[in-house]
Amino acid sequence: MTDAPRLLNLIPLEPIARTQLLAAGLLVHDVDAHGTRPDLANLGLARDVRIVLTNGTTGITGAQMDALPRLELVCAFGAGYENIDVAAATERGIAVAHAPNTNGETVADHALALLLASARGLVTLDRAVKGGGWAKHRAPRPTLHGARLGIVGLGNIGQAIARRAEGFGMSIGYHTRTPREDCRWRHFNDIGTLADASDFLVLACPGGAATHHLVNADVLARLGANGFLVNVARGSVVDTVALIEALCDGVIAGAALDVFEHEPEVPSALRMLENVVLTPHVSGRSPAALQAQIDLLLANIRAHLSGSPLPAAVNTLNTLGDAELRGVR
């Protein structure tokens, strides 16, 4: 890469990712935007930024784009881009890229770990044994074998979860807006009907307005007193207040969450409940997944700077018109 393009980073970045971005000839500048909407116009280097690195949770707004007059490319570090204003980017001639299919297998592994941890009570039992308890904690716990698994969202991650679950002898149902062709698992037209037919409900769908609070009090009630909820999607998919009430009142048996509505803040009620397993949004994190995300990020950047099609484009631009638009912004 030439001309040392300046990249504005809005997310926590692993040292190995930073090292490879710098080695690729990029000038990396960090802004702590986690959970905030910083005023990028106040940056002294705002007029020099050509690339923004963000993710689906942090995103970037049209107003923030306007503060960066030379911005050409927004990259999501990961598959999600729900809080990137793609329409605003397209209107401004700004390309948007993401990194799909880079961490799906890791997310699926984590989902199964959460299923097992929640159903078998592993965290509670570990603490009990380490604290000297034994006999009173040897009550029977649910098993995955023979249980009914409902998956909300059947993209690459949902399918990877389903394949793993079949290895445990689970029956699989799923909910998407339309049935997937050539799929051997049973499709449910709505999430409530899927919850009725599930012992475990796993969320693997995109975030955003279309799925906001998709899991509400009614869905939880239909999952039932013996049911477990696992969320490796986005915190916004679940009505947190309804979930806490359901867990406290025995409406469902338990939950395992890797994502939260207002992360990194986690409600104290969730942290105090023993029938909940919590992890800090790490389901997609592994050395292999991280390197795959870095590789695709760099591939998107290199393609953009060389004028080639992006390997993982989110939007489609009119190259001539958009180049002219960038020139007058």
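To be clear, the structure that these remarks concern was listed above.
Values in this document were obtained by computation on a predicted structure and should not be read as measured data.

(A) Molecular detail of empty space enclosed by the protein. All told, the structure shown has 1 cavity of 30 Å³ or more when counted by the stated rule. Space inside the largest cavity adds up to approximately 60 Å³. For the largest cavity, the full set of lining residues is N231, G235, V238, T240, L243, L257, V259, F260, E261 and L270. When the residues that make up the lining of the largest cavity are grouped by side-chain class, the tally is 6 nonpolar, 3 polar and 1 charged.

(B) The arrangement of unusual backbone geometry in detail. Residue P264 is reached from E263 by a cis peptide bond, and omega for that bond is 10°. Mapped onto the elements, P264 comes out in the loop between β11 (254–257) and α10 (268–272). A positive phi angle, close to 55°, is found at D182, a residue other than glycine. Note on placement: D182 falls in the loop between β7 (171–175) and β8 (186–188). Positive phi values are uncommon outside glycine, yet H281 reaches one of about 50°. By the secondary structure assignment, H281 is in the loop between β12 (276–278) and α11 (287–306).

(C) View of the sheet that holds strand β1 (residues 6–9). With parallel pairing, the 5 strands of this open sheet are ordered in space as β2-β1-β3-β4-β5. Each having just a single partner strand, β2 (27–30) and β5 (95–97) make up the two edges of the open sheet. The average undirected angle you get between the axes of adjacent strands in this sheet is 20°. With respect to the sheet, α11 is in contact with β1, β3 (49–54), β4 (73–76) and β5, its orientation differing from that of β4 by roughly 165°.

So, how was this worked out
- Residues numbered from 1 in each chain as written.
- Predicted model: local features only at pLDDT ≥ 70, side-chain atom pairs only at ≥ 80, totals over all residues.
- Heavy atoms only, no water.
- 1 Å grid on protein atoms, 1.4 Å probe; cavity = no way out; pocket = protein on both sides within 12 Å on 5 of 7 lines; lining within 4 Å.
- Points joined across faces, edges and corners; volume = space filled by probe spheres on them.
- Nonpolar A, V, L, I, M, F, W, Y, C, P; charged D, E, K, R; others polar.
- Helix = DSSP H or I, 4+ residues; strand = E, 2+ residues; numbered from the N terminus.
- Pairing = 2+ DSSP bridges.
- Axes fitted to C-alpha atoms, helices over the stretch in contact; angles between N-to-C directions.
- Contact = heavy atoms within 4.5 Å.

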